[in-house]
Amino acid sequence: MKVLSRIYIPLIFILLYLPIIIVILFSFNDAGSMSHFEGFSLTWYAELFEDETALAALGNSLYLAVVSSVIATAIGTFAAYGIYKMRTRWLSGAIRSVTNIPMMNPDIVTGVSMMLLFVAAVSIPFLPITFGRLTMVIAHTTFSLPYVILSVLPRFQQMDKFQTEAALDLGCTPAKAFFKVELPTVLPGIVSGLMLGFTLSLDDFVISHFVSSPDFQTLPLYIYNQTAHQVKYSMYALCALMVFVILILLFAVNFAGTLGKNKKAKHA
Amino acid sequence: MRKKSFIEGFAAVPHIVWLFLFVVLPLVFVVYFAFTGADGSFSFSNIANLSRYGHIFVLSICFALIATVLCLLIGYPLAYFMSRLKPKTQKMLVVLLMLPMWISLLIRTYSLMAILDNGGLLNSLLESLGITRVHIVGTPGAVILGMVYDFLPYMVLPIYTSLSKLDIRYYEAANDLGASNAKTLFKVAIPLSLPGVISGITMVFVPSISTFYISQKLGGGLFDLIGDTIEREFQNKSTYNIGAAISLVMMILILISVAIMNRFSEGDDSEGGIIV
Amino acid sequence: MKKIISLALLMLIVCALVLTSCGSAEEEEDYGDAITLYVYNWGEYISDGYDDSIDVNAAFEEYCRDVLHKNVRVNYSTYSSNEDLYAKVSSGVVPTYDVIIPSDYMAARMIAEDMLEPINPTKNIENYENIDETFRGMYYDPDEMYTVPYTCGTIGVIYNSSIVDEEDIGSWDLLWNDKYTGNIIQFNNPRDAFGVAQFLLGFNVNSENEDEWRAALEKLIEQKPILQCYAMDEVFNKMKGSSAAIAPYYAGDYFTMYEDNEDLSFYHPEEGTNIFVDVMCVPKNAGHKDLAMEYINFMLSEEIAIANAEYICYASPNKLVRENEEYIEYMTEEVHEDAMEILYGVFDDEDYIDKMQYYYALPDKTLALMNDLWEDLKLQSNISTAIYVICIVIVAALVALFVCRFVIKKRRKSYFEKYKSE
């Protein structure tokens, strides 16, 4: 059994990572081809940094990810608080079910439904909605919301009620109690919701495909366009870079947590 | 009970408004378009036309089913082995498992295609070894391979989470009572991790049935699935209606399947789960 | 600690954002606010500075600054089919395009539907005099009011001579030759795909005869099992990497592929083929019509027209280009020894000219029929029954599993009942 475990785990992980590693390796390929390797070179990375469309897409992706995850976290955190404090059972249950719809629905249905909404909205004359930046922000916020609430609400539910009551006893208004006691307790959940929304927005393709316009491209849309035409080899350099960035993000978020715990243990 | 403060009462209001505008309303539009003809009048013609797409639904379900079963067969052992390792190793493996999930589907799928293509890396290697080329891209097998490759982490993670929460004493007890390792797996681990399995199945089945990029790139556009069809219908204003009808049916289908699967997950909880 | 790291990451992201927006803000000079000209063109259809060529759009921006004293930014986006272009322009999605480059039949349709601005090039565009007579007053714009020719081209068959036998070439039926199963590409748009079938069957590509269209559909359905994929611009990568051996595509694009893979050859099929002209026009809902006309004029100037012709490798309707010695030398030496013959030869071959057909705008009824039949083609799936058999096996296994568990549970219950009663 142990032998099996020792073989199986590395095997599957290697197979899982093989295409990614190959792409990263071949992004340095002088020959500019995916079928034979001819020498190590950074030309494709140089080409990438001169490609205005790619850089614009990068900027758009970052802007979108930050804005949509911040809005989603703001709305979602307050929503989680409101749901947690809600006394009418059926209402809180209903809200949670409806919140989960974008998460349960396949991406294509969410994308298509939002596109239809925007098509109708665009046809209303006095509404300043156009396909592009605005619609993308709305769409990305919408699909990040359920994940934020999913990260934050459990923290509220696991919170120590007595701390809040102590604060209230000591003279805080409910609002002050929220900001001084409840919010800090829930902060880890908020941060993870924020990171989750950020990553989801960076990676999203299907929903963006339906909701965007040619002048607001994000990185996945840029890659999709490339793969539908003659692929510029610098696209592989872009993919390799994205992998590196996400790797760093992932390790930072996960291992920062352990570092923090070790510090606390030392002080304890 | 004290009165609700302002912040407590209204904290959820922005969210409710947002939900209504951007979750409920769009779905209402889908229903509206599904039941509307090209001229804007109410009509059942779209629903009637759906019979033309019946075999596409069946095909998509078949592909998704096979992909899900494969993910389960490959993913369960991985999750099980991972859950029996040392906690530190486990944590690192989890992070390594999550990385592909966070890399965009596009990159993973396209890299797979570039490697498996007739003129790609795999075939170049085979040719240099003197073996004939394998024709993978453009076959149904490639599409299923793509689905399994893309969605495997989504299957493994919930199962692993479920298994890692299991008290290790269950395994010890089973061993004490004379069960071999294999028997422990089948009679203890699997039943107790069923909620995770159900979750994993859902997380693979739903995207598999609605994907279009995988079938476009790895299938060469030769096997149009539901996702491809919907995407094609929404390229032209005149076909929005039929596209909406197809989306509606797919959404309902998925809702029903997920509801059925959740039923099974709940049923086991109430019984305790270990088969004597 | 986690807080600090998260904060640091956030700041990093903000910095990155600021940096990306910084770069683009440099070029604003004192010619006023930047006007954005939206150009919508085919993919790979303009000299864009790649590989030491002139970046035409950047050159135009420079021209606007130096000659017109205007601060202009060209927003250049691409489409891969006329139908996509039509959908985008007719939907009126803002920002509207200023210059579009449809094919002849799509321009004809847009003119008929009053979607194009009558720019009257003979009067308003200086360099229009450079256009060869053969390309003036064509069927789609007899009064020369709406369009200015950009390129002219033909469709042919590109094949990999190291995989395909010489004896199999010459006709459209190479694309139906099952000797090359899994190595054949077909057009991923209805007009061109049906066109190939119609040429093979000897039909008029603009026929309104429903039976003929259905016969063409049958041919395409017959072809589907031996294809590798349906593709438009993906063809470049497939042929370059020798992933596919046979593809119908445009003569100009053949040269681009030949650059990367010298095993590729080209021929015009004997049954005849599509000839087309891509034209520059200004949509009626354009935001900057005068600037659009300046852009078109700029494209007709000698240096730019040659740069485009050398880059795209399509035939140019511009007299100055065809007669330019450097261009001829470049095409023959750098591109392909038979380049001039492949591109311009068809216009000198009287027999073949009769076999070439333009795509006219189809009447609505035929258009609807074509789209319907295309849908039928796409819905054909030649999946071997193996897939269905596997699924049935899986479902049967699942059902068996559940039945077993149900039986086991029932038995357990009856055991417990027994214990209770004892």
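Residues numbered from 1 in each chain as written. Chains lettered and ligands numbered in written order. Predicted model: local features only at pLDDT ≥ 70, side-chain atom pairs only at ≥ 80, totals over all residues.

A. Main features of the overall build of chain A. Secondary structure summary: chain A contains 11 helices and zero strands in total. Ordered by position from N to C terminus, the α and β elements of chain A give α-α-α-α-α-α-α-α-α-α-α. Residues counted as buried form 46% of the 268 residues belonging to chain A. Considering only intrachain contacts with a sequence separation of at least 6, the fraction spanning at least 24 residues in chain A is 75%. (Helix = DSSP H or I, 4+ residues; strand = E, 2+ residues; numbered from the N terminus. Buried ≥ 20, exposed ≤ 12 C-beta atoms within 10 Å, placed from the backbone. Contact = placed C-beta atoms within 7 Å.)

B. Highlighting the overall build of chain B. Scanning chain B for helices and strands turns up 14 helices and zero strands. Of the regular secondary structure in chain B, the N- to C-terminal order runs α-α-α-α-α-α-α-α-α-α-α-α-α-α. Since a compact globule built from 276 residues should have a radius of gyration of about 19 Å, the 23 Å found for chain B marks it as more spread out than a globular shape. C-alpha extents for chain B along the principal axes are approximately 80 × 70 × 35 Å. Taken over 276 residues, chain B has a buried fraction of 49%. Long-range pairs, those at least 24 residues apart, make up 74% of the contacts in chain B between residues at least 6 apart in sequence. (Rg over C-alpha atoms; globule rule 2.2 N^0.38 Å.)

C. Here's a closer look at the interface of chain B and chain A. Counting residues at the interface gives 63 residues for chain B and 61 residues for chain A. In terms of residues, the side of chain B that touches chain A owes the most to one element, helix 2 (residues 13-34) of chain B, which gives 14 residues.

D. Examining the pairing of strand 9 (residues 275-280) of chain C more closely. All names here are of chain C. Burial runs high along strand 9: six of the six residues are buried. Burial along strand 9 is two-sided: the residues Ile275, Val277 and Val279 and Phe276, Asp278 and Met280 are all buried. Where strand 4 (residues 148-160) meets strand 9, six bridges bridge the pair, whose relative direction is antiparallel. Its bridge partner being in strand 9, Thr154 is matched across the sheet by Ile275. (Pairing = 2+ DSSP bridges.)

E. Region of the structure containing the pairing of strand 2 (residues 72-79) of chain C. All names here are of chain C. In this sheet, strand 2 lies alongside strand 1 (residues 35-42) in parallel orientation, the contact comprising eight bridges. What sits directly across from Leu37, in strand 2, is Val74. Between strand 1 and its parallel partner strand 2, the chain crosses via helix 2 (residues 56-68), and the hand of that crossover is right-handed. (Right-handed = clockwise from strand over helix to strand, strands pointing away.)

F. Expanded view of the sheet that holds strand 3 (residues 99-100) of chain C. Residue and element names in this part refer to chain C. Strand order in this open sheet of three strands is 2-1-3, and the pairing throughout is parallel. Two strands close off the open sheet at either side, each with one partner strand: strand 2 and strand 3. Alignment of strand 1 against strand 3, held across two bridges, turns out to be parallel. Bridging from a neighbouring strand, Val39 pairs with Val99 of strand 3.

G. The arrangement of the nonpolar core in detail. Counting 269 residues, the largest nonpolar core has Phe63(B), Ala67(B), Ile158(C), Ile246(C) and Ile296(C) as its most contacted members. Residue contributions to this core peak at 16 residues, all from helix 3 (residues 52-85) of chain A. Each of domain 1 (26-151 + 277-355) and domain 2 (153-275 + 363-379) of chain C gives at least three residues to this core. Filtering out sequence-adjacent residues up to four positions away, Ile296(C) remains in contact with Val99(C), Ile125(C), Val148(C) and Met280(C). (Core = buried A, V, L, I, M, F, W, Y, C linked by C-beta atoms within 7 Å. Domains from an automatic or database assignment.)

H. Region of the structure containing the packing of helix 10 (residues 219-228) of chain A against helix 6 (residues 105-116) of chain B. Viewed as axis vectors pointing N to C, helix 10 of chain A and helix 6 of chain B meet at an angle of 25°, and their least axial separation amounts to 9 Å. The orientation of helix 10 of chain A with respect to helix 6 of chain B, classified from their angle, is roughly parallel. The handedness of the crossing between helix 10 of chain A and helix 6 of chain B is left-handed. Here Pro220(A), Ile223(A), Tyr224(A) and Thr227(A) of helix 10 of chain A come into contact with helix 6 of chain B, specifically with Leu106(B), Ile107(B) and Tyr110(B). Class assignment of the residues belonging to the contact of helix 10 of chain A with helix 6 of chain B gives a composition of six nonpolar, one polar and no charged. (Axes fitted to C-alpha atoms, helices over the stretch in contact; angles between N-to-C directions. Parallel < 35°, antiparallel > 145°, perpendicular 65-115°, else oblique. Left-handed = near helix turned anticlockwise from the far one by under 90°. Nonpolar A, V, L, I, M, F, W, Y, C, P; charged D, E, K, R; others polar.)

I. A look at unusual backbone geometry. All names here are of chain C. The phi angle at Asp114 is positive, at roughly 60°, despite the residue not being glycine. Along the chain, Asp114 turns up in the loop between helix 4 (104-112) and helix 5 (121-124). For Glu144, which is not glycine, the phi dihedral falls at a positive 50°. Within the secondary structure, Glu144 is located in the loop between helix 5 and strand 4. We classify Glu144 as partly exposed; it has 17 C-beta atoms within 10 Å.

J. Main features of the packing of helix 5 (residues 87-102) of chain B against helix 8 (residues 140-164) of chain B. Residues and elements named next belong to chain B. The interhelical angle for the contact between helix 5 and helix 8, taken along N-to-C directions, is 155°, at an axis separation of 9 Å. It follows from the interaxial angle that helix 5 and helix 8 lie roughly antiparallel. Considering only the axes of helix 5 and helix 8, their crossing is left-handed. Residues Gln90, Leu97, Met98, Pro100 and Met101 of helix 5 lie in contact with helix 8, whose contacting residues are Pro153, Tyr154, Val156, Leu157 and Ser164. Looking at the contact of helix 5 with helix 8, its residues break down into eight nonpolar, two polar and no charged.

K. Summary view of helix 3 (residues 82-90) of chain C. All names here are of chain C. Regarding helix 3, the residues found buried are Asn82, Leu85 and Val89. Considered in projection along helix 3, the buried side chains sweep an arc of 60° and stay on one side of the axis. Elements in contact with the buried residues of helix 3: strand 1, strand 2, strand 3 and helix 4. (Arc of directions from axis to C-beta.)

L. Quick look at the environment of Tyr171(B). Residue and element names in this part refer to chain B. Here Tyr171 is to be found in helix 9 (residues 168-176). By the C-beta count within 10 Å, which is 17 here, Tyr171 ends up partly exposed. Sequence spacing of Tyr171 and Thr202 is 31 residues, and the spatial spacing of their C-alpha atoms is 27 Å. Not counting chain neighbours up to four residues away, the residues in contact with Tyr171 comprise Thr184 and Val188.

M. Looking closely at the confidence of the model for chain B. Residue and element names in this part refer to chain B. In the predicted model, chain B carries a mean pLDDT of 83, and 91% of its residues have values of at least 70. The secondary structure element of chain B with the lowest average pLDDT is helix 1 (residues 6-10), at 69, and the one with the highest is helix 8, at 92. Low pLDDT (under 50) marks residues 267-276, which in the prediction has 12 contacts with non-local residues, meaning those over four places away or in another chain. Prediction confidence for the complex, expressed as pTM and ipTM, is 0.82 and 0.84 respectively. (pLDDT = per-residue confidence, 0-100.)

N. Highlighting the confidence of the model for chain A. Residues of chain A with pLDDT of at least 70 account for 94%, and the chain-wide mean is 84. Looking over chain A, one finds the lowest element-wise mean pLDDT in helix 11 (residues 234-267) of chain A, namely 72, and the highest in helix 9 (residues 206-211) of chain A, namely 92.

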